[in-house]
Amino acid sequence: MSRQLITNEEFPQKPHNCPAVKVPGLVFCSGQVGKGEIKQATTTAITNLGKVLQLAGSSLEKVVKFNIYLADMNDFDVMNEAFIAALPPNPPARTCIQAGRLPGGPTSVVEIECIAQA
């Protein structure tokens, strides 16, 4: 099975992971972190996922599963509003949990990862 690492200058490979891995039929995107106010942070994370998916030849329309990690579950309603506004119609499956601590420091409020059709 072929395995393609998806990176570019804006989304470089790191020593511990890369922005996405493409295998036949699927793209697995690493989490994108949003910082600051939850509404803008959610929009930023989804926008960045969309950019990574485009690098892989996919799109937000082809996502089959999102995993969302919140620093504070009290942000759920506002995050959900921004999430719904950023997605195309017919949303995919989704999980949303509160994480103990997110990467990127204390201003990180949301991390979103996804799996999409290639």
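Residues numbered from 1 in each chain as written. Predicted model: local features only at pLDDT ≥ 70, side-chain atom pairs only at ≥ 80, totals over all residues. Heavy atoms only, no water.

**Looking at the nonpolar core**
Counting 27 residues, the largest nonpolar core has Cys29, Leu53, Phe66, Ile68, Val110 and Ile112 as the members making the most contacts within it. Counting residues per element, the ones that place at least two in this core are strand S3 (26–35), helix H1 (38–55), strand S4 (63–70), helix H2 (76–86) and strand S6 (108–117). At seven residues, the largest contribution of residues to this core is made by H1. In this structure Ile68 touches Met79, Phe83, Arg94, Thr95, Cys96, Ile97, Val110, Glu111 and Ile112, once residues within four positions along its chain are discounted. (Core = buried A, V, L, I, M, F, W, Y, C linked by side-chain atoms within 4.5 Å. Buried < 20%, exposed > 50% of the residue type's maximum accessible area, 1.4 Å probe, protein only. Helix = DSSP H or I, 4+ residues; strand = E, 2+ residues; numbered from the N terminus. Contact = heavy atoms within 4.5 Å.)

**Notes on H2**
Buried within H2 are the following residues: Met79, Asn80, Ala82 and Phe83. Buried positions in H2, seen along its axis, are confined to an arc of 165 degrees and lie on one side of it. For H2, the exposed residues lying more than 90 degrees away from the buried face are Asp77, Glu81, Ile84 and Ala85. (Arc of directions from axis to C-beta.)

**Focus: the pairing of S6**
Note on strand geometry: in a regular strand, side chains alternate between the two faces of the sheet. Across the ten residues of S6, seven count as buried, placing the element largely inside the fold. Bridge analysis of S3 against S6 gives eight bridges, and the strand direction is antiparallel. Opposite Gly34, over in S6, you have Val110 as the bridge partner. Strand direction decides the pairing type here: S4 and S6, joined by seven bridges, are antiparallel. By the bridge assignment for S6, Lys65 is matched with Ile115. (Pairing = 2+ DSSP bridges.)

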